[in-house]
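Observations on chain architecture
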Amino acid sequence: MARFAIDAPTALRIVRERVDVGGHQLVGVGALRSQVMQLLWAEVRAGDLPEAEGRAQLEALASLKVRLLADRVSRSVAWRHAARLGWDDATRAEPLAVASLQADALVTDDPELAAAAEGVVERMPWGGFVAALG
């Protein structure tokens, strides 16, 4: 059984593709569900997703078993990563912090986050994640 840290786009993809994570564990940042809601809202506002479907996906997110971390240690580690990387937005480093503290791998297809994971934690793209669940 592996523990995977996921970012908001990955959580949304799990919901949309109805991926069964089996006995594996998912971890994410404390604001993960709000971040997914924002992604869905942006798609609805842009006219790319019907509102009813956006609401349905948001509801499906509630059933996704994911341990959310928003503790002092993960915030401190995110702060240090953001400083090291020279990022303006320290919250962008939170998935990296959660992954380095609580996961075997960070699942993301975000190029900036993937590059930041180099030398910190194993990074797994979507395809590798789905294969690992196999």
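You'll find the structure just up there.
A short tour of the structure in this document, coming up. Owing to the predicted nature of the structure, the values given are computational and were not obtained by experimental measurement.

Along the protein, the regular secondary structure elements total seven helices and five strands. Along the protein, from the amino end to the carboxyl end, the secondary structure elements read β-α-β-α-α-β-α-α-β-α-β-α. For the protein, the C-alpha radius of gyration of 15 Å lies close to 14 Å, the compact-globule estimate for 134 residues. Its C-alpha atoms put the protein at 40 × 35 × 25 Å along the principal axes. For the protein, buried positions account for 42% of its 134 residues. The contacts in the protein between residues at least 6 apart in sequence include a share of 59% that link residues at least 24 apart. Carbon and sulfur atoms make up 52% of the accessible area of the protein, which totals about 7500 Å². Looking at charge distribution, the protein has the averaged site of its 15 positive side-chain charges lying 6 Å from that of its 18 negative ones.

Right, let's get into the nonpolar core. Counting 44 residues, the largest nonpolar core has Phe4, Ile6, Ile14, Leu26 and Phe129 as the members making the most contacts within it. Once you skip the residues sitting within four places of it in the chain, Ile6 turns out to touch Ala11, Ile14, Leu26, Val27, Gly28, Leu32, Leu64, Val66 and Val107.

A rise of 1.5 Å per residue sets the reference length of helix α2 (residues 32-45), with its 14 residues, at 20 Å; its end C-alpha atoms lie 20 Å apart and thus fit the reference within 8%. Along α2, the residues that are buried comprise Leu32, Val36, Leu40 and Val44. Buried residues of α2, seen end-on, are gathered within an arc of 115° and therefore sit on one face of the element. Among the structural elements, β1 (3-6), α1 (8-16), β2 (25-29), α3 (51-61) and β3 (67-69) are those in contact with the buried residues of α2.

Here β1 runs beside β2; their pairing, made up of three bridges, is parallel. Within β2, the position partnered with Phe4 by the bridge is Leu26. Since β1 and β2 lie parallel, the crossover through α1 that links them has a hand, and here it is right-handed.

Bringing the packing of aromatic side chains into the picture now. Overall, the coordinates contain two aromatic pairs when judged by the stated rule. Here Phe4 and Phe129 contribute two aromatic rings whose centre-to-centre distance is 5.0 Å and whose plane-to-plane angle is 85°, an arrangement assigned as edge-to-face. Residue Phe4 is found in strand β1, and its partner Phe129 is found in helix α7 (residues 126-133); the two are separated by 125 residues along the sequence. Using a relative accessible area of 3% as the deciding quantity, one classes Phe4 as buried. Ring geometry for Trp126 versus Phe129: centroids 5.6 Å apart, planes at 55°, classification tilted. With Trp126 and Phe129 both in helix α7 and three residues apart, this pair spans about one turn of that helix.

Quick notes on the rules
Residues numbered from 1 in each chain as written. Predicted model: local features only at pLDDT ≥ 70, side-chain atom pairs only at ≥ 80, totals over all residues. Heavy atoms only, no water. Helix = DSSP H or I, 4+ residues; strand = E, 2+ residues; numbered from the N terminus. Rg over C-alpha atoms; globule rule 2.2 N^0.38 Å. Buried < 20%, exposed > 50% of the residue type's maximum accessible area, 1.4 Å probe, protein only. Contact = heavy atoms within 4.5 Å. Areas by Shrake-Rupley, 256 points an atom, 1.4 Å probe, with all protein chains shown as cover. Lys, Arg positive; Asp, Glu negative; His and termini not counted. Charge placed at Lys NZ, Arg CZ, Asp CG, Glu CD. Core = buried A, V, L, I, M, F, W, Y, C linked by side-chain atoms within 4.5 Å. Expected span 1.5 Å × (residues − 1). Arc of directions from axis to C-beta. Pairing = 2+ DSSP bridges. Right-handed = clockwise from strand over helix to strand, strands pointing away. Phe/Tyr/Trp six-rings, centres within 6.5 Å; stacked < 30°, edge-to-face > 60°.

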